[in-house]
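Coordinates in review
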Amino acid sequence: MKTSFKNISLKILKWTGITIAGILLLLFLIPLLFPGKVASEVKKIANERLDTKLDFSKSNLSFFTHFPSLTVSLDDLSMTGSAPFSNDTLLKADQVAFGINLKRLIFDSEVKINKLYISNALINVMVNEKGQANYNVYVAPEDRKDKKEDPNAPEEGTAIKLERIDLKNCHVKYNDRSAKILVDAKGFNYIGKGNLSDDIFDLNTDAKIDTLDFYYDRTAYLRKKAVRADLITRINTHALSFILQKNELQINKLPLKFTGLFTILRDGYKINIKAASENTTVKDLLSVMPPEYLTWLEKTEVSGKSDLVLSFKGDYNVSKNQKPNLAFNLKVKDGAVSYQNAPVPLTDFQMDLNAILPSLDTEQLLVNLRTLRFKVGEKDYFNAYLRSKGLSEMNIDASIKGALDLAVVDAAIGLEKIDVKGILKTNIQAKGLFSTSKKLFPKTIGGISLRNGWLKTDYYPNPITDITFVANVLNKAGTYEDLIVAVAPASFVFEGNPMYVNAALSDFNDLAYNAKIKGELNVGRIYQVFSQKG
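What you see is a predicted model, and the numbers here were worked out from it, not measured in a lab.

1. What to know about the overall build of the chain
Secondary structure summary: the chain contains seven helices and 24 strands in total. Taken across its 534 residues, the chain has 37% of its residues classed as buried.

Rendered as structure tokens:
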């Protein structure tokens, strides 16, 4: 019995070893049997279907580059963009590899590409001011020189039916000068799975970005942020539309959920996307601040709840001067800030801000700051609201009221690079149209005062001391002519030299003033107090 069991075990091990050895042998032999076939077919695809300059140093067919897939890899690949960017790089990669359908290769002698791998690459997408992009390198079947007589007949020979896209350690840049958008993603790792050759399919995405920068109109809104994405997107290749079904992102610690639709049109795109981060903490919200402020965040106790909603909806077409509407809403409830266990924290922070930018036109900008308020201790408070429409001509309805000990506020929130002291009080209401061209100024009444003030920055060794500033403004008619500003007084001491100003200004249409100024001021040195290098 023992001998029989031993013989059976030896036979099993023997045939297992033979099977494994046979598989390994096939892994080495199959690439040797089809090297010219696969390489030539890949080059044929590039020549027929890409209108671009494509170069690579060498090609290799192997199971072991992206095991267990049989892949043909192109090393040191570079590809230029479409006109008018034919001299600029669209893609430059250490390696681009195409996964081959093994069954079709062996039994049908056909090269069917079902996977795409890109490693250590620069993907450089550019759009000029006219809306022309550099990624239109694909030649449609009807535009090919050797197009078939029957356009509905199936493709012969090499075919691309992707089921997986894998990007590893890529640098992705998107520079759209027509929309004034710049996206710079470094350490971009992406895996996309789905039947990408179907007319309609679901694309499952897992993506990770080490650092992401986002600029709009040269202003940075995100810098050096880590991003993680888990997405399911339904794609319609006929309509070139993308339906965001499950789209969960995380920017640093802030979770975001995306829903909506994006459709590529011949001369632009149609978009209806909503991004939301609801019922999250204020600390998670602040984690998307510029990196230089994250050290401050680590030292600060922050509490409160926030809701953030961003929507982007409409058509984009440069020739028709069409642009989408951008809307933004941020609510913060029960916020509190205490920097390094400050003796008196900032508490009861409430904010409700809604902003709309129709057609991405700043002249139509709508801002509704329904409330902005907080307390510091038992007596100090700040309360404001603002409703505005337009920019160069702006309709305004605003109110600011507050009484703050600035030294206590400074300690509570930990202002960096600046220290302030003094008792600040303000009570101002304004309503009406501001227009320099029409010489209109909102109807305004109120004043602001700062007493026992003190200010020092990291940019200059000496402080400005003994600051007193008392100003009142009155405008009953809503015109430049009716505007009256009284400064009585404004005074401070800088490097031992006192400065005193007492002034009354009126009729800003034809300025009349009565001013008394006394003191000595080194303008160059006081400028350095506020001058940040770089």
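The structure having been displayed, the exposition proceeds.
2. Examining the nonpolar core
If you look at the biggest cluster of nonpolar residues, it comprises 73 residues, and the most contacted ones within it are Leu91, Val96, Phe98, Ile118, Leu167, Phe188 and Tyr190. Tyr269, Ile271, Tyr316 and Leu357 belong to the second-largest nonpolar core, a separate cluster that totals ten residues.

3. Description of the environment of aspartate 213
With respect to the helices and strands, aspartate 213 occurs in strand S8 (residues 200-216). With 27 residues separating them in the primary sequence, aspartate 213 and lysine 186 have C-alpha atoms 8.7 Å apart. Discounting chain neighbours no more than four positions away, the residues touching aspartate 213 are Leu182, Val183, Asp184, Leu222, Arg223 and Lys224.

4. Re the environment of leucine 297
In this structure, leucine 297 sits in helix H5 (residues 294-298). Counting along the chain gives 14 residues from leucine 297 to lysine 283, while the straight-line C-alpha distance between them is 7.9 Å. Apart from residues lying up to four places away in sequence, leucine 297 is in contact with Lys283, Leu286, Ser287 and Val302.

5. Quick word on helix H6 (residues 406-413)
All of the buried residues in H6 are Leu406, Val409, Asp410 and Ala412. Taken down its axis, H6 places every buried residue within 165 degrees of arc, on the same side. Those residues of H6 that are buried lie in contact with strand S14 (325-339), strand S15 (346-357), strand S16 (366-376), strand S18 (393-405), strand S19 (418-435) and strand S20 (443-457). One or two steps after H6, the chain reaches glycine 414, where phi turns positive at roughly 65 degrees.

6. Quick word on the pattern of salt bridges
Here the structure, examined in full by the defined rule, presents eight salt bridges. The residue aspartate 206 makes a salt bridge to arginine 228 at a minimum N-O spacing of 3.2 Å. On the criterion of sequence distance, the pair formed by aspartate 206 in strand S8 and arginine 228 in strand S9 (residues 219-236) is long-range, its members being 22 residues apart. Owing to a relative accessible area of 45%, arginine 228 belongs among the partly exposed residues under this scheme. Of the charged contacts in the structure, one is a salt bridge between aspartate 315 and lysine 270, with a shortest N-O distance of 2.9 Å. With aspartate 315 in strand S13 (residues 300-317) and lysine 270 in strand S12 (residues 268-281), the pair connects residues that are 45 residues apart, well separated along the chain.

7. A few points about the pairing of S8
Pairing analysis gives twelve bridges linking strand S7 (residues 181-193) to S8, with the strands arranged antiparallel. Paired with valine 183 across the strands is phenylalanine 214, a residue of S8. Hairpin remark: S7 followed by S8, antiparallel, with six residues in the connecting loop; positive phi at glycine 194, about 160 degrees. Where S8 lies against S9, 14 bridges are found, and the strand directions are antiparallel.

8. Some remarks on the packing of aromatic side chains
Summed over the entire model, instances satisfying the criterion amount to nine aromatic pairs. On the basis of an interplanar angle of 80 degrees and a centroid distance of 6.1 Å, the ring pair of phenylalanine 434 and phenylalanine 441 is categorised as edge-to-face. Judged by its relative accessible area of 23%, phenylalanine 441 is partly exposed. Plain terms: the ring middles of tyrosine 460 and phenylalanine 494 are 5.8 Å apart, the flat faces sit at 40 degrees to each other, and that makes the pair tilted. Taken together, the residues tyrosine 460 in the loop between S20 and strand S21 (464-475) and phenylalanine 494 in strand S22 (residues 484-494) connect sequence positions 34 residues apart. Grouping residues by exposure puts tyrosine 460 and phenylalanine 494 together as buried. Here the aromatic cluster, defined as three or more aromatic residues joined through ring pairs, consists of Phe242, Phe262, Tyr269 and Tyr316. For the cation-ring pair, lysine 421 lies above tryptophan 454, with the distance from its terminal atom to the ring centre recorded as 4.6 Å.

9. Focus: unusual backbone geometry
Residue alanine 83 is joined to proline 84 through a cis peptide bond whose omega torsion reads 10 degrees. Considering the arrangement of structural elements, one finds proline 84 in the loop between strand S3 (69-80) and strand S4 (89-100). In this structure, the amide linkage connecting alanine 488 to the following residue, proline 489, adopts the cis form with an omega of -5 degrees. If you trace the backbone, proline 489 turns up in strand S22. Backbone geometry places glutamate 495, a non-glycine residue, at a positive phi of 50 degrees. If you trace the backbone, glutamate 495 turns up in the loop between S22 and strand S23 (497-506).

10. Some thoughts on a nonpolar patch on the surface
On the surface, a cluster of nonpolar side chains totalling about 320 Å² of accessible area is made up of Phe508, Leu511 and Tyr513. Take leucine 511: it is sitting in the loop between S23 and strand S24 (512-519).

11. Here's the deal with the environment of cysteine 170
Along the polypeptide, cysteine 170 turns up in strand S6 (residues 159-176). With a relative accessible area of 1%, cysteine 170 lands in the buried category. Expressed as a C-alpha distance, the spacing of cysteine 170 and tyrosine 190, which sit 20 residues apart in the sequence, is 8.9 Å. With sequence-adjacent residues up to four places away left out, cysteine 170 is seen in contact with Ile118, Ala121, Ala185, Lys186, Gly187 and Phe188.

12. Quick look at the pairing of strand S10 (residues 241-251)
Looking at chain direction, S9 and S10 are connected through ten bridges and run antiparallel. Counterpart to alanine 229 in the pairing with S10 is leucine 249. The hairpin turn running from S9 into S10, its antiparallel successor, is four residues long, and leucine 240 in that turn takes a positive phi close to 50 degrees. Direction of pairing for S10 relative to strand S11 (residues 254-265): antiparallel, over a ladder of eight bridges. Within the sheet, the bridge partner assigned to phenylalanine 242 lies in S11 and is phenylalanine 262. Count of turn residues in the S10/S11 antiparallel hairpin: two residues, of which asparagine 252 carries a positive phi of about 50 degrees.

13. Things to note about the confidence of the model for the chain
On average, the chain scores 84 in pLDDT, and the residues at 70 or more come to 83%. Residue range residues 14-34 is modelled with pLDDT below 50. Its contacts to residues more than four positions away, or to other chains, number 17 contacts.

Conventions used here
Residues numbered from 1 in each chain as written. Predicted model: local features only at pLDDT ≥ 70, side-chain atom pairs only at ≥ 80, totals over all residues. Heavy atoms only, no water. Helix = DSSP H or I, 4+ residues; strand = E, 2+ residues; numbered from the N terminus. Buried < 20%, exposed > 50% of the residue type's maximum accessible area, 1.4 Å probe, protein only. Core = buried A, V, L, I, M, F, W, Y, C linked by side-chain atoms within 4.5 Å. Contact = heavy atoms within 4.5 Å. Arc of directions from axis to C-beta. Salt bridge = Lys/Arg side-chain N within 4 Å of Asp/Glu carboxyl O. Pairing = 2+ DSSP bridges. Phe/Tyr/Trp six-rings, centres within 6.5 Å; stacked < 30°, edge-to-face > 60°. Lys NZ or Arg CZ within 6 Å of the ring centre and 35° of its normal. Patch = residues over 30% accessible without salt bridge, like charges linked within 9 Å, V, L, I, M, F, W, Y side chains within 5 Å. Areas by Shrake-Rupley, 256 points an atom, 1.4 Å probe, with all protein chains shown as cover. pLDDT = per-residue confidence, 0-100.

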